[in-house]
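Observations on the three-dimensional arrangement
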Protein chains: 4
Amino acid sequence: MADIPHTNGNGIHTMAREFGEDRRKCCWYEEEIEQDLRMCYALKSILHTGASNYQDITLLDTRPFGKALIIDGKLQSAEIDEFIYHECLVHPALLHHPNPKSVFIMGGGEGSTAREILKHKSVEFVVMCDIDEEVVDFCKSHLLVNQEAFMDSRLQLIINDAKAELEKREELFDVIIGDLADPLEGGPCYQLYTKSFYESIVKPGLNEGGIFVTQAGPAGVLTHTEVFSCIYNTLKQVFKYVVPYSAHIPSYADTWGWIIASDEPFTANAEELDKRSKQRINGENRYLDGKTFSSASMLSKIVRKSLAKETQVYTEESAKFIYGHGAGHNNHA
Amino acid sequence: MADIPHTNGNGIHTMAREFGEDRRKCCWYEEEIEQDLRMCYALKSILHTGASNYQDITLLDTRPFGKALIIDGKLQSAEIDEFIYHECLVHPALLHHPNPKSVFIMGGGEGSTAREILKHKSVEFVVMCDIDEEVVDFCKSHLLVNQEAFMDSRLQLIINDAKAELEKREELFDVIIGDLADPLEGGPCYQLYTKSFYESIVKPGLNEGGIFVTQAGPAGVLTHTEVFSCIYNTLKQVFKYVVPYSAHIPSYADTWGWIIASDEPFTANAEELDKRSKQRINGENRYLDGKTFSSASMLSKIVRKSLAKETQVYTEESAKFIYGHGAGHNNHA
Amino acid sequence: MADIPHTNGNGIHTMAREFGEDRRKCCWYEEEIEQDLRMCYALKSILHTGASNYQDITLLDTRPFGKALIIDGKLQSAEIDEFIYHECLVHPALLHHPNPKSVFIMGGGEGSTAREILKHKSVEFVVMCDIDEEVVDFCKSHLLVNQEAFMDSRLQLIINDAKAELEKREELFDVIIGDLADPLEGGPCYQLYTKSFYESIVKPGLNEGGIFVTQAGPAGVLTHTEVFSCIYNTLKQVFKYVVPYSAHIPSYADTWGWIIASDEPFTANAEELDKRSKQRINGENRYLDGKTFSSASMLSKIVRKSLAKETQVYTEESAKFIYGHGAGHNNHA
Amino acid sequence: MADIPHTNGNGIHTMAREFGEDRRKCCWYEEEIEQDLRMCYALKSILHTGASNYQDITLLDTRPFGKALIIDGKLQSAEIDEFIYHECLVHPALLHHPNPKSVFIMGGGEGSTAREILKHKSVEFVVMCDIDEEVVDFCKSHLLVNQEAFMDSRLQLIINDAKAELEKREELFDVIIGDLADPLEGGPCYQLYTKSFYESIVKPGLNEGGIFVTQAGPAGVLTHTEVFSCIYNTLKQVFKYVVPYSAHIPSYADTWGWIIASDEPFTANAEELDKRSKQRINGENRYLDGKTFSSASMLSKIVRKSLAKETQVYTEESAKFIYGHGAGHNNHA
């Protein structure tokens, strides 16, 4: 233990303080973005750790991104920028719909997707169907920003496999939202991204004019062919109108992708989206408005070319087990 | 030293090979994106290290991004995605100009900016003015992709301070390009981003209808107020038309910004830009086309709001020395 | 948020669990052992963080070493192996003394040094003089293993500069113990390692036959010339008998050194030390016994040679300010 | 690319140089000492990488430890301190033997073990038997310090499984040296540490009065029960006299263990060992002399107690496959 005598005005002390600032960055959360790329976030504290039957759950307080929810070693959602992911997932679909009243969320146990949906005054009924009760309970207790959403009487929370639930439900929905892990071969969510699932369960679950939207994995210049282009191509086999879009999410260290799909065309332009936002949404979006969506849905040349050339379609048959993928891949969802 | 007897068909050997794949990722290049955020890139090899009078220079071969040029501990340019940065820096300015013949590059010693400029058939004369001869020589020898550009007879390479050079030159330029480190207070490039520099040296150095473009630092949702918004506001004091735009660059782990400025309006739309590209550019851009620029220049709501509210202007007077900033900050340029 | 359907007996789930084990090692405490050598300890949790007027204080729970006290970014003491450091610091001096009744600790605010001293039945009076009240209070509250020691009526706790305190005290001590940061030039403890301090304050503070012991910094094959050899040589100028010894401390990632010094010879052999241990110490040491001390005080050839050749003596005059050393160096103490 | 104007005497430049020193430490070699403990060594360069049929081989130039040989992601030998490991492995056995003429090395392809043996003037014949030809060739070409040894006419280099080779050889040896990976269950070297191997192959391969020595894994306070205590106990079943000893090896981040065993007692004391060293060894040891061995073979109380209590014996039968151990464990050897 150090016993440090008084410093004597020669500046040592002050400097030590300044370096101290640096030195305190000695606790880190480390994530493998890819096998050969890591991101390290300075840690303030480890708030909670736990495990469900399905997943390990950790809540961290990070210096660069605030509170961060980590599931199975992957950052799912960071306080400082989760609004980008969740506004992009929810509002384009709901705003393009003329009058969305009922919404089904596949996954979404964190509560942020429900929170964004429930800002829409038109919405009367939201089903959130997540398989992992412990994760839902963990988020209910620890993510204060979503507590109001979890208490909203319009929200029905179901613990079940989303596919089974959607199949057995008799009512139809105006919007169905896929807030799931990526469709990795061998991974647990693969079958929720296949052509047959979209065809025989999702599309029949929509009301006329209904819209389906799904998170669609990394969509960066270097990563958009991992799953984004293939989800796009698969949805094109099933829906008449399919619009991919993307946004950079700092805490994911990548550009992320989403895709909206419908049998009705997406005709609302930036001004119309802004008008609808004002009329329908309680409060104001931080990230997404009409122009932002116009920009986000105009992909860069290199991504547009890949999407146009993509021929792979996700089917049950093409699913084969690939070592480590289901567990090791980057499944922010 | 391990002496390992023959394995006997029980799978140990195969597994060792598979783990070997993982274990070989034991050499890493680590960069502090911010003080509390690090990116680690698996290393294949350290190709060259050196130091000029001004800077430390390293050429690495990284697994995720290929060859990477590191200056003073900051990744400047990575083989796999430098085309995004350099196409965004060069082509919007040259394509918006009706007939660019002469171009002045402040900095740019890596050669990639010159390479993109020299693809334009209209260009007759390019001055590249970099202060660091060793960096230029290093890049000339080691970056094969730019060797043709360095040999192009239209390129005049000057070793000098860009401000001094531009001031003493008598000829005017159609396009001036700022490919400099960020304008950090106390940093070496600060004075090349001030209102007075733009007013008394850059603008007078342009032909009528001339266009100025500069890299403008990080432009992500969390980082655009560091310098991007202020460069934008400073340029607005000097030029009639100012257009900021941005793109996510994976190896920078952020969205990056550039700004074009002129006293003539930027009227070319996406189709016109594509038409000009076809007519004027040898070969084909990989990242930037008309739609990409339309998307890149339509900033997200949160960034647009910050830019609209920005009041700071860079002036010589506002420059004051801030401890460590000049050296420690993120100056990809 | 991932919604993961039931896995279907194909082993994915089990594997995910196994990988989960690995993936949970995503929080790390990182320490710079030297400028180009780092040790990273997997973190369970960050128990407390705080700052005194002098130092930053953190209590971590690490996977490899249990609870660890970090001061100014340096691991001071880890639950799992602090007994090595503290038994080596305290028992050789007290056991070699024929009948130690009074002990003065310079520093030692953590409480572990006092704890080891108070195990000696002969000890009637211990002064612990640490300058940093917050550190002492922090350790009192959080280090349960030392709470009994802090409550012991034989312990007098003084908050003061050790030099000033020792100077003004009128009583003499049987043993004086230096539990201080390393004597880095420009560092805060430098003056507590000088020849003049030993000569005019420490030695006069000892009773006849009294023994002085000090921690003496890293003593590994590669590190023993940093300060260990010089403290040894300085003590040789002042005391007739000086015995250096060392032990590997896993959580310090190095072999550590201590030195006992007296004007009486150290005559007790291994058997005698064991006999005295049994008679005088309540409980039993885990690390240090007679043979361990014999081994620890028989240094390896390469270290013995350096110590024999050392000519530097710490004096007030030789202290000069070296950039960064006071703050950045490895000062486990 | 940064263009940096002349700095103007305000000290920025000098400071940048100083920080540059720090910033250049951006390339690191990272090793998992244990699953939850990592050591990171700053890298100067990656000299060579390759792979044999058995192992991945890398030669690095590290800042703290000089050139380092890495096999399958584990540091085997570092320029700056490999002399500790190899002097401890070789000289105690050869010096305790009255007149060692023939020596058999199991493993040892790096060449350093042979180098130390060949310093003994009495030695007439050394067999080095390593299974991995590529590793041997790699070390022959790249480890200049061992080139003389590889050319020594007394050395016979055999590429074979050490067990098979020793079994078929008809001549007996004065000293047999085990320079092998640790005896991990399921690992490739397990069978070279079993009681039956020692009994039926090693002991019969020794001349009368012959000595066997083996590296024996980590021997630190926290790690000596991993394999050290069990190798010790296994050898005690087979040989009359067994002496364990240890030394801290900085680049291994641990204290390491070796064990000598014979049916003749080890009677030479420190003075005798020093006398023999002078007579028999060309040149002078840096680490090991008589006193060093006395100290190294006097283990600390906590280690002595574990060894005394150890009951496990390595047998072929007790070998069972444990997931990942053979590949992932810490096998410096």
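Residues numbered from 1 in each chain as written. Chains lettered and ligands numbered in written order. Predicted model: local features only at pLDDT ≥ 70, side-chain atom pairs only at ≥ 80, totals over all residues. Heavy atoms only, no water.

Quick word on the interface of chain C and chain D
Contact residues are listed per partner, giving 41 residues for chain C and 43 residues for chain D. Contact with chain D buries surface across chain C, with C:Asp36, C:Leu222 and C:Lys301 losing the most and accounting together for 16% of the total. At the boundary of chain C and chain D, one finds 4 salt bridges. Across the pair D:Lys301 and C:Glu284 runs a salt bridge whose closest N-O atoms are separated by 2.7 Å. At the surface where chain C touches chain D, the tally comes to 19 residue pairs in polar contact (both at pLDDT 80 or more). Elements that contribute at least two residues to the side of chain C that touches chain D include exactly α1 (12-23), β2 (37-51), α2 (82-96), β12 (254-262), α10 (290-296) and α11 (301-309) of chain C. Among the residues forming the side of chain C that touches chain D, the class breakdown is 19 nonpolar, 8 polar and 14 charged. With 5 bridges joining them, β2(C) and strand β2 (residues 37-51) of chain D adopt antiparallel strand pairing. If you follow C:Leu37 over to β2(D), its bridge partner there is D:Tyr41. (Contact = heavy atoms within 4.5 Å. Buried area = accessible area lost by both parts, 1.4 Å probe. Salt bridge = Lys/Arg side-chain N within 4 Å of Asp/Glu carboxyl O. Polar contact = N/O pair within 3.5 Å; in protein donor to acceptor, adjacent residues only side chain to side chain. Helix = DSSP H or I, 4+ residues; strand = E, 2+ residues; numbered from the N terminus. Nonpolar A, V, L, I, M, F, W, Y, C, P; charged D, E, K, R; others polar. Pairing = 2+ DSSP bridges.)

A few points about the pairing of strand β11 (residues 241-249) of chain A
All names here are of chain A. Taking burial as the measure, the 9 residues of β11 include 7 buried ones, the bulk of the element. Here β11 runs beside strand β12 (residues 254-262); their pairing, made up of 9 bridges, is antiparallel. Opposite Ile249, over in β12, you have Asp254 as the bridge partner. (Buried < 20%, exposed > 50% of the residue type's maximum accessible area, 1.4 Å probe, protein only.)

Quick word on the sheet that holds β12(C)
All names here are of chain C. The strand order across the open sheet built from 7 strands is β8-β7-β6-β9-β10-β12-β11, with neighbouring strands paired in mixed fashion. The open sheet has two free edges, formed respectively by β8 (155-159) and β11 (241-249), since each of these has just one partner strand. The mean angle between the axes of side-by-side strands here comes to 15°, regardless of whether they run parallel or antiparallel. (Axes fitted to C-alpha atoms, helices over the stretch in contact; angles between N-to-C directions.)

Points about the UniProt feature "active site" (unreviewed entry) in chain A
Under the UniProt annotation, the feature "active site" (unreviewed entry) is placed at A:Asp179. Checked against the element boundaries, A:Asp179 lands in strand β9 (residues 173-179). (UniProt positions renumbered as here; feature names shortened; annotations may be inferred.)

Concerning the relation of the copies chain C and chain D
For the pair chain C and chain D, the superposition axis carries a translation of 0.0 Å, the fit reaches an RMSD of 0.0 Å, and the rotation angle comes to 180°. Seen this way, the second copy is the image of the first under a two-fold rotation axis. Here 100% of the interface residues in chain C have copies in chain D that are interface residues too; the copies meet face to matching face. (Least-squares fit on C-alpha atoms with pLDDT ≥ 70 in both.)

Observations regarding helix α7 (residues 195-202) of chain C
For an α-helix, 3.6 residues make a turn, and residues three or four places apart therefore share a direction. All names here are of chain C. For α7, every residue scored as buried is listed here: Phe197, Tyr198, Ile201 and Val202. The arc that holds the buried residues of α7, viewed along the axis, is 110°, so those residues lie on one side. Against β6 (102-107), α6 (162-168), β9 (173-179), β10 (206-218) and α8 (228-236) lie the buried residues of α7. (Arc of directions from axis to C-beta.)

Focus: the pattern of salt bridges
Applying the stated criterion across every chain yields a total of 60 salt bridges over all chains. The partner of A:Glu116 in a salt bridge is A:Arg115, with the nearest N and O atoms 3.0 Å apart. Here A:Glu116 falls in the buried class, since its relative accessible area comes to 1%. A:Arg115 gets classed as buried once you look at its relative accessible area, which sits at 11%. Between A:Glu116 and A:Lys119 there is a salt bridge; the shortest N-O distance is 3.1 Å. What makes A:Lys119 partly exposed here is its relative accessible area of 23%. Several salt bridges share partner residues, and in doing so they unite A:Glu30, A:Arg38, D:Glu30 and D:Arg38 into one network.

Details of the packing of helix α2 (residues 82-96) of chain D against helix α9 (residues 270-280) of chain D
Residue and element names in this part refer to chain D. Taken N-terminus to C-terminus, the directions of α2 and α9 make an angle of 95°; their axes are 10 Å apart at the nearest point. Looking at the two axes, α2 sits roughly perpendicular to α9. From α2, Leu94, Leu95 and His96 reach across to α9, where they touch Leu273, Arg276, Ser277 and Arg280. When its residues are assigned to classes, the contact of α2 with α9 shows 3 nonpolar, 2 polar and 2 charged. (Parallel < 35°, antiparallel > 145°, perpendicular 65-115°, else oblique.)

Some points on the side chain of B:Glu165
Residue and element names in this part refer to chain B. Looking at the secondary structure, you find Glu165 in helix α6 (residues 162-168). Of the polar contacts made by the side chain of Glu165, one reaches the side chain of Asn160; its length is 2.9 Å. If we ignore the near neighbours within four places in the chain, the residues touching Glu165 are Phe104, Cys129, Ile158 and Asn160.

Re the sheet that holds strand β6 (residues 102-107) of chain D
Residue and element names in this part refer to chain D. With mixed pairing, the 7 strands of this open sheet are ordered in space as β8-β7-β6-β9-β10-β12-β11. Looking along the sheet, the strands with just one partner apiece sit at the ends: β8 (155-159) and β11 (241-249). Averaged over all pairs of adjacent strands, the angle between strand axes in this sheet comes to 15°, irrespective of strand direction. Pairing between strand β10 (residues 206-218) and strand β12 (residues 254-262): 6 bridges, direction antiparallel. Residue pairing in the sheet places Gln215 in a bridge with Trp258 of β12.

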